[in-house]
Amino acid sequence: MTTWLITGASRGLGREIAEQALGRGDRVAATLRRPEQLDDLAEQYGDLLWRSRLDVTDTARVEEVVAKAFAEHERIDVVVSNAGFGVFGAAEDLSDAQVEQMIATNLTGSIQFARRVVPHLREQGGGVLVQLSSMGGHITFPGFAIYHATKWGIEGYFETLAAEVAPFGIKTVLVEPGRVRTSFYEAAERVPLSEPYRGGPADSPEAKVEDMVASQSGVAHATIEAALSEDPPLRLLLNSDAYEAVTTTVQDRLASLRRQRDSAYAADAEYTALGG
Ligand SMILES: NC(=O)c1ccc[n+]([C@@H]2O[C@H](COP(=O)([O-])OP(=O)(O)OC[C@H]3O[C@@H](n4cnc5c(N)ncnc54)[C@H](OP(=O)(O)O)[C@@H]3O)[C@@H](O)[C@H]2O)c1
């Protein structure tokens, strides 16, 4: 039987992964800010569901809950770092508190959680560490700068971590969905555009939930399949919108890099104002 540890399991992808895992007969250690949000699953699945209160921005509590989860389960096979949220608004218009809260949740929260989990996975001889990133960890949309900062940041952290922990039998997966029909867009904060930004790139119409191609269940299922596969990819890009946007952007970036070859090489040489 597989045992899962999940953050942000109250709703959206975290809850869906928990439900699908329980539906497979697996054991789930769910962490969330309000554990009572899973009362229905506790009633349905009894002892297969373990719950603990966790706000991922509380680093001391992250340490405590991770230690308790590993102490109370023989082994945790798959850890899913999922908690996160979005803020829409021009980069200049966000408040200090909005910038700090987003970084504390999506980036620092994920890093501190991973740092607490890795020693336990190492001690038990391995496991899988899944981090929810996004197509927004490869590409950017105006009006979403701070979200992209956290997802690009977590991509860099996990790519590095993956190489460091591979010798301990720890497999890491960055899940990169497109736009998924979860409660994410409802929950996202919206900062009204200040005058200079109205009508500009940050003033783009928001995608409507009904136009989003990706289903919550499909993304959760693909995440579970990848986590349980023999050789999961470091980056799991999901959904047709993400595939199209990311492949185009990465191809354009490579073409742009190739055009810079000569100037990149030329900068190796010592510079002297006289060219001598
Ligand atoms: N939906 C998309 O289009 C999409 C696309 C790409 C990536 N993602 C990523 O997928 C992950 C899950 O998002 P979702 O779409 O499932 O969104 P969601 O439906 O809004 O769910 C977000 C979850 O994160 C939790 N959360 C937020 N801040 C938290 C905190 N400080 N501590 C603990 N839990 C916290 C929420 O808990 P509460 O109920 O307590 O608020 C909720 O359980 C996120 O990392 C998101 O960036 C989503």
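Up top is the structure.
Note that the coordinates shown come from a computational prediction; the quantities given were computed from them, not determined experimentally. Each chain carries its own residue numbering, running from 1 in the written order of its sequence. With the structure being a predicted model, the display of local features is reserved for residues of pLDDT at least 70 and the display and counting of side-chain atom pairs for 80 or more, all residues being used for whole-chain, interface and lining totals. Only heavy atoms go into the side-chain values, all of them from the structure, while hydrogens and water stay out.

**What to know about the side chain of histidine 73**
Then, number 1: Here histidine 73 lies in the loop between helix 3 (59-71) and strand 4 (78-81).
Then, number 2: Classification of histidine 73 as buried rests on a relative accessible area of 10%.
Then, number 3: Other than its neighbours up to four places away in sequence, histidine 73 contacts Thr3, Arg27, Ala29 and Trp50. Numbering of helices and strands starts at the N terminus; helices are DSSP runs of H or I of at least 4 residues and strands are runs of E of at least 2. Accessible area is worked out with a 1.4 Å probe on protein chains only. A residue is then buried under 20% of its type maximum, exposed over 50%, and partly exposed in between. Two residues form a contact once any of their heavy atoms are found within 4.5 Å.

**Some thoughts on the packing of helix 1 (residues 12-23) against helix 7 (residues 216-228)**
Then, number 1: Orientation of helix 1 relative to helix 7, taken along the N-to-C sense of each, is 60°, at an axis distance of 9 Å. Between helix 1 and helix 7, the angle is such that the two are oblique. With respect to the hand of their crossing, helix 1 and helix 7 are arranged in right-handed fashion. In contact with Gly12, Leu13, Glu16, Ile17, Gln20 and Ala21 of helix 1, helix 7 contributes Gln216, Ser217, Val219, Ala220, His221, Thr223 and Ile224.
Then, number 2: When the residues that make up the contact of helix 1 with helix 7 are grouped by side-chain class, the tally is 6 nonpolar, 6 polar and 1 charged. For helices, the axis comes from a line fit to the C-alpha atoms of the stretch in contact; other axes are also lines fit to C-alpha atoms, and the angle between any two N-to-C directions lies between 0 and 180 degrees. Any angle that is under 35 degrees is reported as roughly parallel, and any over 145 degrees as roughly antiparallel; angles of 65 to 115 degrees are reported as roughly perpendicular and all others as oblique. Helix crossings get a hand from a simple test, with the near helix turned counterclockwise from the far one by less than a right angle marking a left-handed crossing and a clockwise turn marking a right-handed one. Lys, Arg, Asp and Glu make up the charged group, whereas Ala, Val, Leu, Ile, Met, Phe, Trp, Tyr, Cys and Pro make up the nonpolar group; the residues left over, Gly among them, are polar.

**Digging into the pattern of salt bridges**
Then, number 1: Think of a salt bridge as a Lys or Arg side-chain nitrogen and an Asp or Glu carboxyl oxygen that are within 4 Å of each other. Here the structure, examined in full by the defined rule, presents 12 salt bridges.
Then, number 2: With its nearest N and O atoms 2.5 Å apart, the salt bridge here joins arginine 15 to aspartate 40. Of the two residues, arginine 15 is situated in helix 1 and aspartate 40 in helix 2 (residues 39-45); the sequence distance between them amounts to 25 residues.
Then, number 3: Taking relative accessible area as the criterion, aspartate 40 reaches 41% and is therefore assigned partly exposed.
Then, number 4: The partner of glutamate 64 in a salt bridge is arginine 61, with the nearest N and O atoms 2.7 Å apart. With glutamate 64 and arginine 61 both in helix 3 and 3 residues apart, the pair spans about one turn of that helix.

**Topic: the pairing of strand 1 (residues 3-6)**
Each regular strand displays side chains that alternate between the two surfaces of the sheet.
Then, number 1: Of the two faces of strand 1, the one carrying Thr3 and Leu5 and the one carrying Trp4 and Ile6 are both buried.
Then, number 2: Two strands are counted as paired when DSSP detects at least two bridges linking them. With 4 bridges connecting them, strand 1 and strand 2 (residues 27-32) associate as parallel partners. Its bridge partner being in strand 2, isoleucine 6 is matched across the sheet by alanine 30.
Then, number 3: We call a crossover right-handed when, viewed with the strands running away from us, the connection from the first strand over the helix to the second turns clockwise. A crossover connection joins strand 1 to the parallel strand 2 through helix 1; in handedness this β-α-β unit is right-handed.

**Describing the site of the ligand**
Then, number 1: Proximity criterion: a residue is near a molecule or strand once any of its heavy atoms comes within 4 Å of it. The immediate surroundings of the ligand are formed by 29 residues, with Ser10, Leu13, Tyr147, Thr182 and Ser183 found nearest.
Then, number 2: Taking glycine 84, its main chain carries an N or O atom lying 3.3 Å from an oxygen atom of the ligand.
Then, number 3: For this analysis, a polar contact is any N or O atom pair within 3.5 Å, provided that within protein one partner can donate a hydrogen and the other can accept it, and provided that sequence-adjacent residues contribute only side-chain to side-chain pairs. Phenylalanine 184 is positioned with one of its backbone polar atoms (N or O) 3.3 Å from an oxygen atom of the ligand.
Then, number 4: Computed with a 1.4 Å probe, the accessible areas rest on the Shrake-Rupley method; for each residue, only the protein chains presented here act as cover. For the ligand, whose accessible area on its own is 900 Å², the fraction buried by protein is 97%.
Then, number 5: Contributing elements (two or more residues each) for the shell around the ligand: helix 1, helix 5 (145-165) and helix 6 (184-187).
Then, number 6: In terms of residue class, the shell around the ligand is made up of 10 nonpolar, 13 polar and 6 charged.

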